[in-house]
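# Chain and residue survey
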Amino acid sequence: MEPDEERLADIARDTGATEAEARVIYHIRAMNQAFIQVASDEEEWSESMMWLVHSKALMNAILARIVQRDHPEGFQKPQEDDEDKT
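Quick summary incoming for the structure in this document.

So, how was this worked out
Residues numbered from 1 in each chain as written. Predicted model: local features only at pLDDT ≥ 70, side-chain atom pairs only at ≥ 80, totals over all residues. Heavy atoms only, no water. Helix = DSSP H or I, 4+ residues; strand = E, 2+ residues; numbered from the N terminus. Areas by Shrake-Rupley, 256 points an atom, 1.4 Å probe, with all protein chains shown as cover. Core = buried A, V, L, I, M, F, W, Y, C linked by side-chain atoms within 4.5 Å. Buried < 20%, exposed > 50% of the residue type's maximum accessible area, 1.4 Å probe, protein only. Contact = heavy atoms within 4.5 Å.

### Details of the overall build of the protein
Looking only at helices and strands, one finds three helices and zero strands in the protein. Reading the helices (α) and strands (β) of the protein from amino to carboxyl end gives α-α-α. Carbon together with sulfur atoms contributes 54% to the accessible area of the protein, which is approximately 6,800 Å² in total.

Now the structure itself:
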């Protein structure tokens with residue numbers, strides 16, 4: 001299942017993602033919908049909750065990548081003191 005270019009463009013515009021990142025976001029969303037449907041059919045909601053926790057972590061990882069790229073000043077490493085330098 002491949003998304004159409006318009007859908008990818010919408011995701012990229014809404015999230016600030018590159019085309020590749022938008023594709024990842026699309027597929028994470030699609031996997032969530034598919035898994036919920038499977039779990040719903042089998043009435044296995046505990047599995048659905050576990051899946052959603054892990055898929056949310058994947059989504060957070062890709063979104064953190066976007067935020068870090070767009071706002072690098074918020075992710076700078078602490079500066080070392082001059083005394084600590086060798």
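### Points about the nonpolar core
By size, the foremost hydrophobic cluster in this structure holds eleven residues: L8, I11, A12, A17, A22, I25, Y26, I28, M59, I62 and I66. Contributing elements (two or more residues each) for this core: α1 (5–15), α2 (19–42) and α3 (45–70). In this structure I11 touches G16, A22, I25, Y26 and R29, once residues within four positions along its chain are discounted.

### A look at the side chain of S55
With respect to the helices and strands, the residue S55 is situated in helix α3. The exposure class of S55 is buried, given its relative accessible area of 2%. Aside from chain neighbours lying at most four places away, what touches S55 is I28 and N32.

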